[in-house]
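Coordinates in review
Read off the chains here:
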Amino acid sequence: MTELERIRHSAAHVLATAILKIWPEAQFAAGPPVETGFYYDLELPHRISPEDFARIEEEMKREVKANHVFERVEISRSDALAMAERGELASLATRGIPSKFKLDIVQNIPEDEVITLYRNGEFTDLCAGPHVLRTGNIGAFKLTHVASAYYKGDERNPQLQRIYGTAFKNKTAMEEYFTMLEEAKKRDHRKIGAEMGLYAIDSEFVGPGMPLWLPKGTVLVEELEKLAKESEFAGGYVRVRSPHLAKEKMYKTSGHLPYYAESMFPPMEMDEHREERAKIQGRMAELERLLTPQG
Ligand SMILES: [Zn+2]
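Residues numbered from 1 in each chain as written. Predicted model: local features only at pLDDT ≥ 70, side-chain atom pairs only at ≥ 80, totals over all residues. Heavy atoms only, no water.

Relative orientation of the contacting elements helix H1 (residues 3–22) and helix H2 (residues 53–66) amounts to 120°, with a least axis distance of 8 Å. Considering only the axes of H1 and H2, their crossing is right-handed. Facing Ala-11, Val-14, Leu-15, Thr-17, Ala-18, Ile-19, Lys-21 and Ile-22 of H1, the residues of H2 in contact are Arg-55, Ile-56, Glu-59, Met-60, Glu-63 and Val-64. (Axes fitted to C-alpha atoms, helices over the stretch in contact; angles between N-to-C directions. Helix = DSSP H or I, 4+ residues; strand = E, 2+ residues; numbered from the N terminus. Left-handed = near helix turned anticlockwise from the far one by under 90°. Contact = heavy atoms within 4.5 Å.)

Shown next as structure tokens:
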């Protein structure tokens, strides 16, 4: 784990600490660092929204300021299970109900693996680490958004709230990151493409990531295709064609399915959802009529 990942994962523990100070009944699942920051999945009757962020960040600031040590504790499997039963994992104290997700996680740790806890202040979590030395090492942090996620990514499991945030070594690094995001937004191809009249994106009729090329954009696409064909021909390549649709296995092999299933390319279900499909086909026909030049 890199230093930045340690900072971010430590911020996830501080986030959980803060949430428990406000909502002691919260049940936590996993809280890893991710490319742009960190998240923690939790179950809580109160639906956390960005309006709650200031209050949560206030509690987080207190934990960071207190500069608690991240203390690593090795425990036996039976102790870990007992603690989970008493609701003491991802928790500030003994609770009346088990820490159910942590209990499930402990039960799935391989027999030969060492089980560790990490403590910061009053908060104890089941965690393999590593962490920064102290909460004060989290130089700057910010909560960014909330999403929902199924426990272990399986839709048969309970749906959890996923709170995202980001953290950096210091304020300057964090400011640079948010400035970069703002600048990237201005250069977003979806914004520029629409402004230039190259394509339209219609989430309702077609789907995100699927441009409808307008006349100007179509010229560009065709010029690029021409250039590609000429370059390939000059390089001695010959072309083949494959169908746009294939079996799920192909998209697993290509790597698309695990990364884009949620946002862009969910697998098609051929026999289920017949009604929905008919509705979508109806809408597509309507759209086609709209796009056909009149008179
Ligand atoms: Zn941890």
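In this structure the tally under the stated criterion is six aromatic pairs. Ring centres of Phe-168 and Tyr-177 lie 5.2 Å apart, and the angle between their planes is 40°; on these two criteria the pair is classed as tilted. Side by side, Phe-168 and Tyr-177 carry an identical accessibility label, which is buried. Taken together, the aromatic side chains of Phe-168, Tyr-177 and Phe-178 make up a single cluster linked through ring pairs. (Phe/Tyr/Trp six-rings, centres within 6.5 Å; stacked < 30°, edge-to-face > 60°. Buried < 20%, exposed > 50% of the residue type's maximum accessible area, 1.4 Å probe, protein only.)

Residue Pro-130 follows Gly-129 across a cis peptide bond; omega there is 0°. By the secondary structure assignment, Pro-130 is in the loop between strand S6 (123–126) and strand S7 (140–150). One non-glycine residue, Ala-90, lies in positive phi territory at about 50°. By secondary structure assignment, the location of Ala-90 is in the loop between helix H3 (77–85) and helix H4 (100–107). According to the relative accessible area criterion, Ala-90 is buried, its value standing at 0%. A positive phi angle, close to 55°, is found at Lys-152, a residue other than glycine. If you trace the backbone, Lys-152 turns up in the loop between S7 and strand S8 (159–168).

Another point: the coordination of the zinc ion. The protein atoms donating to the zinc ion are His-9 (NE2), His-13 (NE2), Cys-127 (SG) and His-131 (NE2), with metal-donor distances spanning 2.0 to 2.2 Å. Coordination at the zinc ion is tetrahedral: its four donor atoms span angles of 93 to 128° at the metal. When the donors of the zinc ion are listed by position in the chain, the intervening gaps give H-x3-H-x113-C-x3-H. One end of the pair is His-9 and the other is His-13, both in helix H1 and four residues apart, which spans about a single turn. A single burial state applies to His-9 and to His-13, both of which are buried. (Donors = N, O, S within 2.8 Å, 3.2 Å for Na, K, Ca; no water. Tetrahedral: all angles 85-135°; square planar, octahedral: opposite > 155°, others 65-115°.)

When the domains of the protein chain are assigned, the result is domain 1 (3–177), domain 2 (187–241) and domain 3 (243–295). Look at where the C-alpha atoms of domain 1 and domain 3 centre, and you get two points 38 Å apart. (Domains from an automatic or database assignment.)

On to the sheet that holds strand S4 (residues 71–75). Spatial ordering of the open sheet is given by S4-S5-S6, a layout of three strands whose pairing is antiparallel. Both edges of this open sheet fall to S4 and S6, since each of them pairs with a single strand only. For this sheet, the mean angle separating the axes of adjacent strands, direction not counted, is 25°. (Pairing = 2+ DSSP bridges.)

Our next topic: the pairing of S8. The element S8 is extensively covered by neighbouring structure, given that nine of its 10 residues are classed as buried. With five bridges joining them, strand S3 (residues 37–43) and S8 adopt antiparallel strand pairing. Counted as the bridge partner of Tyr-40 is Ile-163 from S8. As defined by bridge partners, S7 adjoins S8 across 10 bridges and the pair is classed as antiparallel. Counterpart to Ala-140 in the pairing with S8 is Phe-168.

For the pair H3 and H4, the least separation of the axes is 8 Å and the interaxial angle reads 160°. With respect to their mutual orientation, H3 and H4 come out roughly antiparallel. Helix-helix and strand crossings are classified by hand; for H3 and H4 the assignment is left-handed. Side by side, H3 and H4 meet where Arg-77, Ala-80, Leu-81, Ala-84 and Glu-85 of the first sit next to Leu-103, Val-106 and Gln-107 of the second. Its residues placed into classes, the contact of H3 with H4 shows five nonpolar, one polar and two charged. (Parallel < 35°, antiparallel > 145°, perpendicular 65-115°, else oblique. Nonpolar A, V, L, I, M, F, W, Y, C, P; charged D, E, K, R; others polar.)

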